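# Working through the structure, step by step
Residues per chain are reported as follows:
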Amino acid sequence: MTGSDLNAAVTRAGYSVLTGADSGAPSAPDRAALEQAARDDHERSLERDLRVSAAFAVPLLLLAMLPMMWMPLHMTLTDLLGERGLNVLMLLLATPVQFGPGRRFLRLGWNSLRHRSPDMNALVMIGTGAAYLYSLLVTLAPGVFPAGTAHVYFEASAVVITLILLGKVLEARAKDAAAPP
C-alpha cells in the first residue's frame, strides 16, 4: 500500500490527513492552536446540543413520569388530551431530541457498525432508536398491540441522549482542563 492509498483510505473513513511540513502543514505551535480551537468548537457544539436536548427532555420526562406518581394528574391529562393526544405530545417533544442532538449518535453509530467496529455511539443509536421507533409505532398504530400493552417510551429515548450528552460535556471539560497550556 502506498502513501497515497493510505491517505485515500483515511479520507474515506471520514478523517483528514495532516502531512509533512513541506506540504503546508502547520508548525507545532500553530498545530497546538488549531487543536485547541477544534476542542473548543467541539465543546461548544456538545453544550449547545445538551441545552437543546434538555429543553425537550425535561418536560417530556415530567409529562411521562409525574402522572404515574400522582393519579389525578394522569386523569386530568387523559381527559384533556386523551391517551393518543398525550402520546402525540410526547412524540412532538421526543422527535427534536432524537433527530437534533441525537443525530451525532445516529451518524457515528452507523459509521461504527458499517466498519464492523461497534462502539458506544452504536449502543446509544440502537437503544434510543428502538425506544423511539417502538413508541412511534404505538402512537401511530396502537391497534397492532394487544389491549393494555401499548406503552410509549419516548422519555427513555430523550433522557438517555440527554444524559450521554451531559457525560460528553463533562468529559470534554475535564480533558480541556487537563490539556497542557
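Relevant structure appears above.
All values reported here derive from a predicted model rather than from experimental measurement. (Residues numbered from 1 in each chain as written. Predicted model: local features only at pLDDT ≥ 70, side-chain atom pairs only at ≥ 80, totals over all residues. Heavy atoms only, no water.)

## Here's the deal with the overall build of the chain
Counting its secondary structure elements, the chain contains six helices and zero strands. When its helices and strands are written in sequence order, the chain yields α-α-α-α-α-α. Against the globule reference of 16 Å for 181 residues, the chain gives a C-alpha radius of gyration of 22 Å, more extended than a compact globule. Seen along its three principal axes, the alpha-carbon backbone of the chain occupies a region of about 70 × 35 × 20 Å. (Helix = DSSP H or I, 4+ residues; strand = E, 2+ residues; numbered from the N terminus. Rg over C-alpha atoms; globule rule 2.2 N^0.38 Å.)

## What to know about the layout of surface pockets
Considering only enclosed or pocket space, the largest pocket measures out at about 330 Å³ in volume. Lining the largest pocket are 16 residues, and of these Ala 64, Met 68, Glu 83, Met 90 and Val 152 sit closest to its centre. Elements that contribute at least two residues to the lining of the largest pocket include exactly helix H2 (28-69) and helix H3 (71-99). With six residues, the top contributor of residues to the lining of the largest pocket is H3. Considered class by class, the residues forming the lining of the largest pocket number 11 nonpolar, three polar and two charged. Its volume calculated, the second largest pocket comes out at about 240 Å³. The wall of the second largest pocket is formed by Arg 12, Ala 13, Gly 14, Tyr 15, Leu 108, Asn 111, Ser 112, Arg 114, His 115, Ser 117, Asp 119 and Asn 121. Among the elements that line the lining of the second largest pocket, the one with the most residues is helix H4 (residues 103-114), at four residues. Classifying every residue of the lining of the second largest pocket gives three nonpolar, six polar and three charged. (1 Å grid on protein atoms, 1.4 Å probe; cavity = no way out; pocket = protein on both sides within 12 Å on 5 of 7 lines; lining within 4 Å. Points joined across faces, edges and corners; volume = space filled by probe spheres on them. Nonpolar A, V, L, I, M, F, W, Y, C, P; charged D, E, K, R; others polar.)

## Section: helix H5 (residues 120-140)
Between its first and last C-alpha atoms H5 spans 30 Å; for 21 residues at 1.5 Å apiece the expected length is 30 Å, and the two agree. Buried residues in H5 make contact with H3, H4 and helix H6 (154-178). A side-chain oxygen of the first residue of H5 lies 3.1 Å from the backbone nitrogen of Asn 121; this N-cap is Asp 119. (Expected span 1.5 Å × (residues − 1). Contact = heavy atoms within 4.5 Å. Polar contact = N/O pair within 3.5 Å; in protein donor to acceptor, adjacent residues only side chain to side chain.)

## Comments concerning unusual backbone geometry
A positive phi angle, near 55°, is found at Arg 116, a position not held by glycine. Here Arg 116 is to be found in the loop between H4 and H5.

## Points about the pattern of salt bridges
In total, this model carries seven salt bridges according to the counting rule given. The partner of Arg 173 in a salt bridge is Glu 43, and the shortest N-O contact between them spans 3.9 Å. Linking Arg 173 in helix H6 with Glu 43 in helix H2, this pair joins segments that are 130 residues apart in sequence. Overall, the relative accessible area of 13% leaves Glu 43 in the buried class. Each of Glu 43, Glu 47 and Arg 173 takes part in salt bridges that share partners, so that together they form one network. (Salt bridge = Lys/Arg side-chain N within 4 Å of Asp/Glu carboxyl O. Buried < 20%, exposed > 50% of the residue type's maximum accessible area, 1.4 Å probe, protein only.)

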